[in-house]
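Examination of the molecular architecture
Spelled out from the first residue to the last, the chains are:
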Amino acid sequence: MAEKKTLEVAKKELETTLAKTIQLIDYLGVASTSLYESLNSMQDIFDEIRGIPDDNRMQYQMLQKMRDAWKKQADDIANDTKSGTNNSTPGMSNIEIGFSTVAVSPSLAAGLATCFETVSLGLLAPSLGSIPTLAAAIAIGAAPIVEPVSALVACIIILSVQSEIDCARGIFTRIYERNNKAYERAIAEISERISRIHSENNRLIHGIKIVKGFGNNYKEMTIDQKYELGTYMNLMLSSTQLVVNPISGLKPFYSNMDLDNYILCLNEKIERCDSAYLTSTDDKRNHAQAVSSKDNCLLEKVTTQKLKNYVIEKRTLLLYLCNLLYGIQLEERDKRVLCKCMAKNKDIVEKYQLTPNDINTYLINTSIGMISNKSKQTY
Amino acid sequence: MDDKKLVFKFTESEKGYCFDYSIESSLEKATNELDELDLKLEETVLSIKRLTPECDKLDYALAISSGALCGVIDIFLVAKPGESPLCDITDKWFGNMTERFAKLCGWDGTINEKLSTPDSLHSAIEYLEKKFPIPYDQVKADGAAAEILHLYPKNHHFKSLSHNPTILGLFYSILDQFTNTSHFVSGGNLIEMDYHGDSFELKGKNIPSKFFCAFVNWIGHLISDNSGSSQSKGRGMGIPSPLWTWMNDITVIKDKLKIERTEFEKNYNDFACELFENGYDTRFQVAQSIPVFINEMLVRLFYSVRRIFKYYSVTPREERSFIGLWKSCEPFKNATVKRMLTVAHGTFCLLDVGDAVGSGFATGGGYFNVMEFAMRLNLPGLGRFGISLMGEANRGFILNKINKEKWSLEGEREIVASHIEGLKVLADVYNDKEITRLIDDFMNSSAYEKAFFKSVELAEKRGVPEDRILKNKSDIDSYFVGGNDNG
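Everything numeric here is computed off the predicted structure, so don't read it as measured data. (Residues numbered from 1 in each chain as written. Chains lettered and ligands numbered in written order. Predicted model: local features only at pLDDT ≥ 70, side-chain atom pairs only at ≥ 80, totals over all residues. Heavy atoms only, no water.)

Some points on the overall build of chain B
- For chain B, the helix and strand inventory stands at 18 helices and four strands.
- Sorting the 487 residues of chain B into buried and exposed places 46% on the buried side.
- Across chain B, contacts joining residues at least 24 apart in sequence account for 69% of those joining residues at least 6 apart.
- Element-wise, carbon and sulfur atoms account for 60% of the exposed surface of chain B, whose accessible area totals about 26000 Å².
- Of the charged side chains in chain B, 57 are positive and 70 negative, and the gap between their average positions amounts to 4 Å. (Helix = DSSP H or I, 4+ residues; strand = E, 2+ residues; numbered from the N terminus. Buried < 20%, exposed > 50% of the residue type's maximum accessible area, 1.4 Å probe, protein only. Contact = heavy atoms within 4.5 Å. Areas by Shrake-Rupley, 256 points an atom, 1.4 Å probe, with all protein chains shown as cover. Lys, Arg positive; Asp, Glu negative; His and termini not counted. Charge placed at Lys NZ, Arg CZ, Asp CG, Glu CD.)

What follows is the structure in C-alpha cells.
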C-alpha cells in the first residue's frame, strides 16, 4: 500500500520551502534595487531627449519610496509586536512570517514589495500613509505566506477519538502540501525573474552607454537610432514588469475580487429567478406546471438571497476558509472534524467573533461552493 | 530564521544568472511526482478491484439456489441421528475404511463367528483392538462406581478423555498408556482410574520409541472405535465429535488450575453426552458435512462455468489460451466467488436453522426441545458460514482502508495536478528567451527595426499596459517629440 506523508514531514518540507522563498525574495530585492537604478538612469536620458519628465520617473521614485515605507512599517510593527529574536541587528527589524521570525532587511522589504499585488503599476497609492502594513498585507493579501494552519494544527490534541485525530492530521497534511507547492511555484518564478532582471539590467546598462552617444536632439537622429531608442523604451517597460508583477505562487488562492465576483453571480441568479418567476406566472396554458415552477423559482430565490446575506455577513471568515480549503478535497467527516478544531481555536473564535452556532458544516459547505464557483469560472 | 545557511546553486553566463529552481526543472519534478502518484493510484484501484465482488443477479440467484438445494438435502437426507439416509452411507464408508485399515495392519479377513455381530467389520474391529491395545478401554464401572460415575458403554467413548479426537485426548492417551490409568470426565469432574485388567505393556525400548508407540496406539484404537466396538450390536457408538467434546477440555484445564466448574459447564457437558448417546458421533458429523461440501463445490462450479462461457464469447479466437481461460474462470481466491459462497452458505444455514427450530417446537409438546434442535443443527454448515462472514468482514475492513488511501492519493494528485497547471501558465509567461535572444542578435547585426518589433512582442508578453507600449515608428516619434517628427 502507498506510504502516506505524515503531518510532521509535510510541515518540515513546508518550513524548508518557505525559508527558501524568503531568502529568494531577499535576493529579488537586491536585484530589483540595482534594476531601479538602471531604469532611473535610462529614464534620465530619455527625459533629456524629450525635454520633459515622464510619468515613469515618478513611478520609479514612488517604487523607491514604497520600498522605504515597507521597511519603516516593518520597523514599527517589530517594535509593537511581542516577538523578538536573537537575530536582530542594527538597521533591521524582525517580523513573523510563516513558522519563524524573519529579519526584515531593506532588500527583503524591497523583495516583499515586489511580490505583493499592492505594488502593481495600476495601484499607485496617493499617499504613503495608505500603504497597508506589512503584516496586514500578508494577512489579507498573501494567504500562503502566513501559516493559518498552525493554530488549527495545535487543536489536534483536543480531539479525543483516534479516527478524528487521523482525519484532522490528513486534512492539515494536504493543506501543508498544497502550500508547499505554491511556494515551490513562487521559488521557480522568483528564480526566473532574478535571472531575467540580471540579464536585462546588463542590457540596460549597455544601452545607457549607447543611447548617451545619440545626443539630445531627436530630430537629428537616424532612423536606426530612433528604432533603437524605441527598443530600449520597450525593454525598460518590460523590465519594469519584472519588479511590479505579483508572484503568482504568493497570491491568495481566493481573493476579495473572487468573493465579489461570487456575490455578483448570486445577484445574477436572483435576477434569473425573478424573470423565471414572471415567465411561469404568465404561462396560463399549463396551470399546474406553472404553479410548481413558480414555487421552485421562489424557493430558489429565497435560498440564494439567504446565501448572499450569509456570505456578506461572514465575509472575512469565509475568505479565510476559502484560502484554507482551496484545492483540498473534504469528506463529510473531514468537515465535522474541521469544525471541531475551529471551535476549539480561541484565536479564530476571537478574531472573527464567532459563537458556537456559527461554526458548522454549512459554513464549510458555503466556502466549498465559493471555491468551486471560482474553478468553474476559471475553466 | 535558523542559523543554518541556505545555499542556492546558480550558474553565471554572459546573459546573467540562472538558478537551479527554474520553471522547467520544477515542471519536470512535478510531472515525475504525478507519474508516481498515478502508479500508486493504479495499484490502489487494482487492489480495490480485487477485493470488490462483481456478482450479478444471476450469480446471486445461482448461489441462493445451491444453498437452498443443499438445505433441502440436509433437512431430508441428513435430518438427525437414526433417521439419516446419508448417515447410513457414511457409516458404511467408515466401516469400509476400518476394514481396509485392518487389512493394512495385517488382518487376513477372517470373520470371528463368536462375536455378537459376526461380520467382516466387527472382526476387523476386534483385530484392531488386539493390534492396538490400550489400558483405558473400561466400558463401564462396576457396582456403586457405575451409579456414582454414571459410566456406561453408551457414554464410555464420550467420557473417556483418551477417546476424544483432540490434542488433549492424545495427551491423556499417551499419559494413560505410560501410567496404566484411565481418565474420565463425568458430572463436571475429572476422574482417574487405575487399570486392573490384563497386563498392559507399552512397547518401545526407550522413551521416544514409547511415545511413538503410544501415539500409534491412539490412532489405531480411534480408527477401530470409529465404527463402534467389536462387541457392539448395530452401528455402535463411534467416537465423539470434536465439536462437542471441547467442554471436556475446559473441565480438565479448570481442574488442573483448581478453578471451580460452573453449573452451565456441567449442564453443557451432560447435554453433549446425551447427544452422543443419541448417536451424534463423528460419522454423523461427517454426514452433516456432505451437503456443505456439495454446496461449496456447486457454487464454485457455477462460477467457473459461467466465466468459461463468458471467456469464449468475449475473447477472439486468436487470443484464447489455457492460461487466459484459467485466469478468467479460476474459482479460488477472488472476491466474487467468496461472495457467492457467503450467500450460498447463508441460505443453507437459514433453511437448516429454520428446520431445527421448527422441529424443536414441533417435538417439544408446547416447549422448545433443545435436544431435537441440537441434533438437527448443522454445525459444519454454521462453521463454514461463520468463516465466510469473517472473510467478508475482513475484506470490508481492508477495502475501507484502501478506499481511504485512494481518497488521500486522489487529494494529493489534485494538488500536484493543480501545481503543474500553475507551472505551465508560468512557463508560457516566461517563454521569452527566444525573443530576448533575437533582440540581442538583431541589435548586434544592426537590424534595429526588427529588434524594435521584437521588443514590442516582449512588452506584450510581459503584460505592459497596451497604451504604454511603443508599437511603431509614429509611437516612438510621439513619445520623444510629441508627434512632430521631421526625421
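That shown, we press on.
Quick look at the interface of chain A and chain B
- In this assembly, 66 residues from chain A lie in contact with 65 residues from chain B.
- Overall, the association of chain A and chain B removes approximately 6200 Å² of surface from exposure, summing both partners, and the carbon and sulfur fraction of that is 61%.
- Counting across the interface, chain A meets chain B through five salt bridges.
- As a salt-bridge pair, Asp 432 of chain B and Arg 196 of chain A come within 3.0 Å of each other at their nearest N and O atoms.
- Across the chain A-chain B interface, the total number found is 22 residue pairs in polar contact (both at pLDDT 80 or more).
- Only helix H1 (7-50), helix H2 (55-80), strand E2 (100-104), helix H6 (162-212) and helix H7 (223-244) of chain A provide two or more residues apiece to the side of chain A that touches chain B.
- Here the side of chain A that touches chain B takes 20 residues from H6 of chain A, the largest share from any one element. (Buried area = accessible area lost by both parts, 1.4 Å probe. Salt bridge = Lys/Arg side-chain N within 4 Å of Asp/Glu carboxyl O. Polar contact = N/O pair within 3.5 Å; in protein donor to acceptor, adjacent residues only side chain to side chain.)

So, the packing of helix H9 (residues 246-256) of chain B against helix H10 (residues 263-277) of chain B
Residues and elements named next belong to chain B.
- Closest axis-to-axis distance for the H9/H10 pair is 9 Å, and the angle between their directions is 140°. Viewed along their axes, H9 and H10 adopt a mutual orientation that is oblique. Crossing hand, H9 versus H10: left-handed. For the pair H9 and H10, the contacting residues are Trp 246, Met 247, Asn 248, Ile 250, Thr 251 and Lys 254 in the first and Phe 264, Glu 265, Tyr 268 and Asn 269 in the second. (Axes fitted to C-alpha atoms, helices over the stretch in contact; angles between N-to-C directions. Parallel < 35°, antiparallel > 145°, perpendicular 65-115°, else oblique. Left-handed = near helix turned anticlockwise from the far one by under 90°.)

Considerations on the pairing of strand E3 (residues 181-186) of chain B
Residues and elements named next belong to chain B.
- Here E3 lies mainly inside the structure; six of its six residues are buried.
- On E3, burial covers both faces: Thr 181, His 183 and Val 185 on one face and Ser 182, Phe 184 and Ser 186 on the other are all buried.
- Here E3 hands over to strand E4 (residues 189-194) after two residues, with Gly 187 in that stretch at a positive phi of 60°. (Pairing = 2+ DSSP bridges.)

Some thoughts on the side chain of Arg 203 of chain A
- Among the structural elements, Arg 203 of chain A can be located in helix H6.
- Once you skip the residues sitting within four places of it in the chain, Arg 203 of chain A turns out to touch Tyr 232 and Leu 235 of chain A together with Thr 436 and Asp 440 of chain B.

Considering the pairing of E4 of chain B
- Note: E3 of chain B against E4 of chain B, six bridges, orientation antiparallel. By the bridge assignment, Val 185 of chain B is partnered in E4 of chain B with Leu 190 of chain B.

Observations regarding the nonpolar core
- Within the largest apolar cluster, 115 residues are counted, with the highest numbers of intra-cluster contacts made by Phe 46, Ile 49, Phe 172 and Leu 229 of chain A.
- Here this core gets 18 residues from one element, more than from any other, and that element is H6 of chain A.
- Tyr 268, Leu 275, Tyr 280 and Ala 287 of chain B belong to the second-largest nonpolar core, a separate cluster that totals 20 residues. (Core = buried A, V, L, I, M, F, W, Y, C linked by side-chain atoms within 4.5 Å.)

Description of a nonpolar patch on the surface
Residues and elements named next belong to chain B.
- Taken together, the side chains of Val 72, Phe 76 and Leu 77 present a nonpolar region at the surface, about 290 Å² in accessible area.
- With respect to the helices and strands, the residue Phe 76 is situated in helix H2 (residues 57-78).
- Assessed through its relative accessible area of 59%, Phe 76 is described here as exposed. (Patch = residues over 30% accessible without salt bridge, like charges linked within 9 Å, V, L, I, M, F, W, Y side chains within 5 Å.)

Looking at the confidence of the model for chain B
Residue and element names in this part refer to chain B.
- Confidence in the prediction for chain B averages 86 pLDDT; 91% of positions are at 70 or higher.
- Below pLDDT 50 for its whole length, residues 1-6 participates in eight contacts with residues either more than four positions away or in separate chains.
- Predicted confidence is poor over residues 483-487, with pLDDT under 50, and the contacts of this stretch with residues over four places away or in other chains come to ten contacts.
- The ipTM assigned to the predicted complex is 0.80, against a pTM of 0.76. (pLDDT = per-residue confidence, 0-100.)

Regarding unusual backbone geometry
Residue and element names in this part refer to chain B.
- For Ala 79, which is not glycine, the phi dihedral falls at a positive 50°.
- As for its placement among the helices and strands, Ala 79 is situated in the loop between H2 and helix H3 (85-104).
- Relative accessible area serves as the criterion here: at 6%, Ala 79 is assigned to the buried category.
- The backbone phi angle of Ser 446 is positive, close to 60°, even though this residue is not glycine.
- Among the structural elements, Ser 446 can be located in the loop between helix H16 (433-444) and helix H17 (448-462).
- The exposure class of Ser 446 is partly exposed, given its relative accessible area of 43%.

Points about the side chain of Asn 234 of chain A
- In this structure, Asn 234 of chain A sits in helix H7.
- According to the relative accessible area criterion, Asn 234 of chain A is buried, its value standing at 0%.
- The residues touching Asn 234 of chain A, leaving out its near neighbours within four places in the chain, are Phe 452, Ser 455, Val 456, Ala 459, Ile 469 and Leu 470 of chain B.

Let's talk about the pattern of salt bridges
- As enumerated under the stated definition, the model contains 44 salt bridges over all chains in all.
- Between Arg 306 of chain B and Asp 59 of chain B there is a salt bridge, and its shortest N-O distance comes to 2.9 Å. Here Asp 59 of chain B lies in helix H2 and Arg 306 of chain B lies in helix H11 (residues 282-314), a separation of 247 residues in the sequence.
- A relative accessible area of 26% places Arg 306 of chain B in the partly exposed class.
- According to the relative accessible area criterion, Asp 59 of chain B is buried, its value standing at 0%.
- Two residues, Arg 307 of chain B and Asp 59 of chain B, come together in a salt bridge whose shortest N-O distance is 3.0 Å. You can see Arg 307 of chain B sitting in helix H11 and its partner Asp 59 of chain B sitting in helix H2, a full 248 residues away along the chain.
- Judged by relative accessible area, Arg 307 of chain B falls into the buried class, the value being 14%.
- Each member of the salt-bridge network shares a partner with another, and the members are Glu 192, Arg 196 and Glu 200 of chain A together with Asp 432 and Arg 462 of chain B.

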